[in-house]
Amino acid sequence: MIHSLFMINSAGDIFMEKHWKSVISRSVCDYFFEEQQKANSPEDVNPVISTPHHYLIHIYRENIYFVAVCTTEVPPLFVIEFLHRVVDTFTDYFGDGGETAIKDNYVIVYELLEEMLDNGFPLATESNILKELIKPPNILRTVVNTVTGSSNLSDTLPTGQLSNVPWRRAGVKYTNNEAYFDVIEEIDAIIDKQGSTVFADIQGVIDCCVKLSGMPDLTLSFMNPRILDDVSFHPCVRFKRWESERVLSFVPPDGNFRLISYHVGSQNMVAIPVYVKPNISFREGGGRFDVTVGPKQTMGKLVESVVITCAMPKVVLNMNLTPTQGTYTFDPVAKVLTWDVGKINPQKLPNLRGNISLQSGSPPPESNPAISVQFKIQQMAVSGLKVNRLDMYGEKYKPFKGVKYLTKAGNFQVRT
Amino acid sequence: MSNGGGSYNAQNDSRAGSTGEPDIGTEPTGGFFSADYKKHDDLKQMLDSNKDNLKLEAMKRIVGMVAKGKDASDLFAAVVKNVVSKNIEVKKLVYVYLVRYAEEQQDLALLSIATFQRALKDPNQLIRASALRVLSSIRVPVIVPIMMLALKDSVVDMSPYVRKTAAHAIPKLYSLDPEQKDQLIQVIEKLLADKTTLVVGSAVMAFEELCPDRIDLIHKNYRKLCNLLVDVEEWGQVVIINMLTRYARTQFLDPNQQDAVADDDKNFYGDEDEKDSEEEEDDDEKEKTPPKKPYMMDPDHRLLLRNTKPLLQSRNAAVVMAVAQLYHHIAPKSEVGLVAKALVRLLRSHREIQHVVLSNVATLTTIRKVRGMFEPYLKSFFVRPSDPIHVRTLKLEILTNLATETSISTILREFQTYVTSSDKDFVAATIQAIGRCASSISEVTETCLNGLVGLLSNRNEYVVAESVVVIKKLLQMQPDSHSEIIQHMAKLADSITVPMARASILWMVGEYSDRVPKIAPDLLRKMAKNFINEEDIVKLQILNLAAKLCITNPKQTKLLCQYVLNLAKYDQNYDIRDRARFIRQLVSPAGEKGALGKHAKKIFLASKPAPVLDSSFKDRDQWQLGSLSHMINQRASGYSPLPDYPETAPDPTVRNVEVPMPWAEKTHKKKAGKPKKEAFYSDEEEESESESDSEESSSSSSESGSESESDDDSKSESGSDKEKKSDEEPESSSSSSSESESSSESESESESESEPDTKPQKKTPPPKTKSSAKPKKEAKQEVSLLDLDVIDMSSTSAPVPAPASALDVLSPSLASDLQGLSINDKKDTAISVTTPMFVSTTSHELLHRMTGEGLAANYRFTRGTCIYSTSMVPVEVTFTNHTDSPVCNIRIGDKKLQAGMTLQEFPEIPSLPGGGSMSVSIGIDFKDTIQPANFQICTQDRKYNVSIKPPVGELFQAVTMSEADFTAQQSKLTGMNENSGKVSIPSQHNNSKTITARMSELANVAPVSSSQDGLYRFAGKTVSGGTLLLVTVKVGEDNSANITVNCELMAICSMLVKEVKQKLSQA
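Residues numbered from 1 in each chain as written. Chains lettered and ligands numbered in written order. Predicted model: local features only at pLDDT ≥ 70, side-chain atom pairs only at ≥ 80, totals over all residues. Heavy atoms only, no water.

Per an unreviewed UniProt entry, chain B is named AP-3 complex subunit beta, and its organism is Branchiostoma floridae. Comment text from UniProt for chain B, heading Sequence similarities (unreviewed entry), reads "Belongs to the adaptor complexes large subunit family." (UniProt positions renumbered as here; feature names shortened; annotations may be inferred.)

Chain A is annotated in an unreviewed UniProt entry as AP-3 complex subunit mu-1-like isoform X2 from Branchiostoma floridae. Under the heading Sequence similarities (unreviewed entry), UniProt records this for chain A: "Belongs to the adaptor complexes medium subunit family."

*Asks:* Where do I start with the sheet that holds strand S17 (residues 316–323) of chain A in this structure?
*Replies:* Residues and elements named next belong to chain A. Overall, antiparallel pairing links the 4 strands, which are arranged S14-S15-S20-S17 in an open sheet. For this open sheet the edge positions go to strand S14 (274–283) and S17, each flanked by a neighbour on one side alone. Taking the axes of each pair of neighbouring strands and ignoring which way they run, one obtains an average angle of 15 degrees across the sheet. Pairing analysis gives 7 bridges linking strand S15 (residues 286–295) to strand S20 (residues 351–358), with the strands arranged antiparallel. Looking across to S20, one finds that Gly-286 is bridged to Ser-357. (Pairing = 2+ DSSP bridges. Helix = DSSP H or I, 4+ residues; strand = E, 2+ residues; numbered from the N terminus. Axes fitted to C-alpha atoms, helices over the stretch in contact; angles between N-to-C directions.)

*Asks:* Would you mind showing me how to read the nonpolar core here?
*Replies:* Looking at soluble globular proteins, one finds that nonpolar side chains tend to be buried together. Core analysis: the biggest nonpolar cluster contains 271 residues, and A:Met7, A:Phe90, B:Tyr97, B:Leu343, B:Phe374, B:Phe381 and B:Phe415 have the highest contact counts within it. Both domains that furnish three or more residues to this core are identified here as domain 1 (2–148) and domain 2 (178–270 + 380–414) of chain A. In contact with B:Leu343, not counting residues within four places along its chain, are B:Met321, B:Ala324, B:Val357, B:Val361, B:Leu364 and B:Phe374. One finds A:Val316, A:Ile371, A:Tyr405 and A:Phe412 within the second-largest nonpolar core, a separate group that totals 74 residues. (Core = buried A, V, L, I, M, F, W, Y, C linked by side-chain atoms within 4.5 Å. Buried < 20%, exposed > 50% of the residue type's maximum accessible area, 1.4 Å probe, protein only. Domains from an automatic or database assignment. Contact = heavy atoms within 4.5 Å.)

*Asks:* Sorry, what's going on with the packing of helix H23 (residues 351–366) of chain B against helix H25 (residues 389–402) of chain B here?
*Replies:* When two helices pack together, their arrangement is given by the angle between their axes and by how far apart the axes lie. Residue and element names in this part refer to chain B. Relative orientation of the contacting elements H23 and H25 amounts to 25 degrees, with a least axis distance of 9 Å. When the axes of H23 and H25 are compared, the pair comes out roughly parallel. At the point where H23 passes H25, the crossing takes the left-handed sense. Judged by residue contacts, Arg-351, Gln-354, His-355, Leu-358, Ser-359, Val-361, Ala-362, Thr-365 and Thr-366 of H23 engage His-390, Val-391, Leu-394, Lys-395, Glu-397, Ile-398, Asn-401 and Leu-402 from H25. Among the residues forming the contact of H23 with H25, the class breakdown is 7 nonpolar, 7 polar and 3 charged. (Parallel < 35°, antiparallel > 145°, perpendicular 65-115°, else oblique. Left-handed = near helix turned anticlockwise from the far one by under 90°. Nonpolar A, V, L, I, M, F, W, Y, C, P; charged D, E, K, R; others polar.)

*Asks:* Hey, could you run me through the pairing of strand S21 (residues 371–378) of chain A in this one?
*Replies:* Regular strands place side chains that alternate from one sheet face to the opposite one. Residue and element names in this part refer to chain A. Side chains of S21 alternate between two faces, with Ile-371, Val-373, Phe-375 and Ile-377 buried and Ser-372, Gln-374, Lys-376 and Gln-378 left unburied. Sheet analysis places S21 next to strand S23 (residues 400–414), joined by 5 bridges and oriented antiparallel. The partner of Ser-372 across the bridge, within S23, is Gln-413.

*Asks:* How should the environment of B:Gln251 be read in this particular structure?
*Replies:* Mapped onto the elements of the fold, B:Gln251 is located in helix H16 (residues 234–251). Residues contacting B:Gln251, with those up to four places away along its chain left out, are B:Ile215, B:His219, B:Pro650 and B:Arg655.

*Asks:* Would you mind going over the interface of chain B and chain A with me for this structure?
*Replies:* Accessible area lost during the coming together of the parts is what is often quoted as the interface size. Between chain B and chain A, the residue contacts involve 103 residues of the former and 97 residues of the latter. For the pair chain B and chain A, the two sides together bury roughly 8,700 Å², of which 55% comes from carbon and sulfur. Here chain B and chain A share 10 salt bridges between them. When the shortest N-O distance is used, the salt bridge between B:Arg315 and A:Glu126 registers 3.0 Å. (Buried area = accessible area lost by both parts, 1.4 Å probe. Salt bridge = Lys/Arg side-chain N within 4 Å of Asp/Glu carboxyl O.)

*Asks:* How should I be thinking about the confidence of the model for chain B in this particular structure?
*Replies:* Low-confidence regions, as indicated by low pLDDT, have predicted coordinates that should not be scrutinised in detail. All names here are of chain B. Averaged over every residue, the pLDDT of chain B is 73; residues scoring 70 or more account for 75%. Under a pLDDT of 50 for its full length, residues 659–829 has, in the predicted model, 168 contacts with residues more than four places off or in other chains. In the predicted assembly, ipTM is 0.88 and pTM is 0.67. (pLDDT = per-residue confidence, 0-100.)

*Asks:* Is there a simple way to think about the pattern of salt bridges in this case?
*Replies:* Side chains carrying opposite charge are able to pair once their charged atoms draw close together. Applying the stated criterion to the full structure yields 49 salt bridges over all chains. One salt bridge connects A:Arg415 with B:Glu414, and the closest N-O pair in it is separated by 2.6 Å. You can see A:Arg415 sitting in the segment after S23 and its partner B:Glu414 sitting in helix H26 (residues 408–419), one on each of two chains. Across the salt bridge formed by B:Arg163 and B:Asp194, the nearest N and O atoms sit 2.5 Å from each other. Within this pair, whereas B:Arg163 is found in helix H11 (residues 160–176), its partner B:Asp194 is found in the loop between helix H12 (181–192) and helix H13 (197–210), the two being separated by 31 residues in sequence. A single burial state applies to B:Arg163 and to B:Asp194, both of which are buried. Several salt bridges share partner residues, and in doing so they unite A:Glu81, A:Arg85, A:Glu126, B:Glu234 and B:Arg315 into one network.

So this is what it looks like as structure tokens:
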């Protein structure tokens, strides 16, 4: 399956390589560099590259290309999904999966790669299992290790791997037993110039932080489970229970994990919580810029952390604007306007207006740039999803339970 | 790990240094340039020291070198010594190093082998597994035999983790020495039979790497794989689903046959509007379609589809994709739509996943029949400015494919916004997409053309140029009535500079010069003026234009044409020179009019076929969806195309695993001399009969007792006929058949008359049972017993009688012929399964009628051979309905069994009338433990959790053996495997009859003849594992008795001793 892995940083250095079968020369990456040169931006490189003898499948994350080399037919998603899982694991271990973190922890990285893949086939990818095999680094342990010479490898058996709950480690113990559930929904939308919705849907996830002792068996039920029509589950969720009773029944992994992610399709009406009234015009040598943001269908909640970004056309030289609220910056190199609005006050709508100056001599752009909007609304799930109750079986103690709702803008774009 | 980081940076080579990486240089040895070999000396010293700290530090630095791809092979000798290190981290890092360099230093690598061999015997499974992993990863051909041995040991290891590692080792070993293939396939076969979810994924992976064509290995495991699939880890799921797709293609019929036939009919009746391509497809299908017959989906086919469906909700994109391709390739077309939602959900994932998913969706949307499933999700494919370019083009492609009369307006409006994008390539792609929409949907062709013409006045030259090219293609399809567009474009020729667009305009004006008779010559004039400055492609089109005009309108253009040809004659490009010469010969009457000149008009002004604007993904359909080959649109090495469906379904019975093995074996053996086929068919027939029978008897509840018996008789006759034909000794068999008939009749009579508490063993005719009973014999008895029980309880037992009936006909003489053909004949000792001495009639409560809301269930151990599997304990469950209304759909629901345990369910009881009762038999493989089997009994609307806990004695099967064998076996089972106790037996019970009776009541054991007085011996073996159990009761004076139990299973041993004590001391 996966023969070798090369990590390449933005400067084009192959700073780490790992081979699971016989060694493949790093010159194979030349094909990759060739493709990379053709692309305008790092994201534009084709993820699957075919060379005479090898197939290069890569992902680009944290400014690093993770290039997997395969020699035979393999489902490309298999490799891509695995590579993402590798990066997720690094992030989980080191707090960030970037180049510095990998270099600083190269021994652990190497041990992880060794455990995750055997002969090119995934062996252990569950974070709970890996953490039992190889302890994540932390300051205290580093100090202790240097003093005592002990290792960060555990010599005990990861019990989870062998039980029928492979995602949970055994013998978990906490003094405070707590379980937190964050229902986070992101609105993806395209709004046209007139303010009508071209396309909108909701992507939701329930992220959990479960710190419970023993082997708790949790049941999470919703007030309105019918909203959850298109769902993907963490392997711990019992699918049959969901099918028959529409409750989430599961033995949770220890710590942070994503319980489900769901998609509320464009067929349903999506309440758009903000509107943007743009008025951008260009003429020879300059132009006008006038944007107003306002709340709409917010169900009485405050819209916070509003940020408006707009990638202006290349001919724009500078912008001279005045906001009624918040601060704005214009990056004259990347030509990106960012306006940090903050909270929207419904009484006094935030507005940003002013002049645009263009490069002299060049014709004014004929199309207006799209505006993308970021915002957050606390304590509201825009789909209307509500957790009904959480029950725990199998353990005696009473856990502390908490549910939080948050609506965010995902890919929220306004055409002007 | 800051110290580790320091060394990693310190060893950065010059290249890393040059990129501005700060070289910290915390190491005393300094930077990279300070003599490499010296540094290695330093490392060697550290490795040779006896401090773990130093070793670890050295190993970390070495691994850092390995990670950066620097050569560290000269340290091999120093490193390999440390393979014995006690420090587990040092050890791990040494492993990493070994795996990397062993190939290059084969001789030295051999030094480490002994360590691994020792570790393979370690009690810790983790150590065993890692030893096997490293041993198999060392690519040194010399050790292949050692690896093979280790592998074979590990395959039967207790720990599933080790077995999983063993599965991984198989492809490694194969790549090292392909000659081991046959042996390895045997190993794979063993692993495929494994029931642990941890192992099967890896086993199938090994199967796919080594012998994907050995589909026969899958048959027996097919259903198990389908059922385990949901619980297998995600990577294994992908591999298994892909394998099962291929399997289904070879084993099941095309579920879309009927559709194909229907479509054919439609075409036949003159549905001419269908696209050509589709007709082709249909034609293909027509050729494949066998004579029409109603299609019934194989239940196994359905099982696969049903069990993979939940996986569409996996969080792993690869799993979702695998299920999607499975549905695409083997599901009926009407069900494929399910996957659309899941695929669309993946579009929110990482960019790379989007790319792969989109290209697969693009392929799906080119197929007309399944296109509809994505239509509801049209808007999910709208392009966002943040999408990378390849994602955008794919989305455009999909939108274009999805365009229909209804959605086209939405799509075109969307396209309009894309055209204003600042990315030129994307704009060009959009315009082409508009062109394709226009050509495929005739209703909007006009609108699109107008829109494109509108774009001609766009300020962006690329937009204009691309529009010209697309308009040219569109006009070519319907050139009539568009002369004004052609005029308009001819005017554009002055302003447009993009060569391709200019060339397109010229071609169009030339082709349709009759529509613009005034403009065309003028255009040629303008072009001729600027000929030398044009691009080659434009020059060629100018030549073409000149030639065409010269033919149609020689009066005005002949001179111009000459001028252009003269210019072209001296062009730098030889293509143009050639073309000029060629044209001159055709059109210019300079020389004597050549033969070709007459045909010049035909040659130049022939009507040209309109170009077909097809999706570039059209041809990708040939690849298996989701495969690498599909992604790169070329055959990746190791890709094997999906086979076509077979024309007739291969035998579906090969997947049956529940068929009771003893029968099957017997049939084969008996007919050894005959062609295999015959045995095979008769086998099948028996089975189908039994199936139908069981259905029948289960549906009719109360009266079937007598009825089924008569059925049996008739059937047994037919069965005996068959045997008559095939048997080598006709006379004996004929006599046998008649005899057996009578005997079975008489038996059944006696059964019906007998009292409920009749002990079955009394009835079995002793002269026929030789000391070593045959399996068939035993089966026969068991069945008759069951029949008896059935009558006892005034209810019917469903599936049991049928297979038995076929055996009832076997006469004693035939039976004695078959002596020694028992399943145990492989063993040397004459230990054979025998009939139980005693069958309890007391039943235990499974479900109380209060909890069951009127439905009560009792169970009873029947002590026979289970009809489902020899390793199962047969349990008879009797349902009684205490209510007045019938209870419907009684079946077994969720099973919560201990790992390894299996439970064979009974066929669903459709309805149990009020006050009625019914017995069914289930089989449970307890794996020789007394763990209860927990499961649910479901009725139409309720579920009840119940559990069956076997008494220890029911885990056995009675076996007979000689006294000598008994003592021989007993001597092997001493020490830990022996358990004994003392008990005093009440004097009135101290006789052989009571002791034997009590023993056989307690456990399913058979007495062994004893030469000593006061010494009773009993033998049995466990049903699941076949472990021998020996019980000795030695009665001494004053009524005290010594009990000795010998059995490998220590827990069972001690439990049994307790129970025997209790039983024997009863007053």
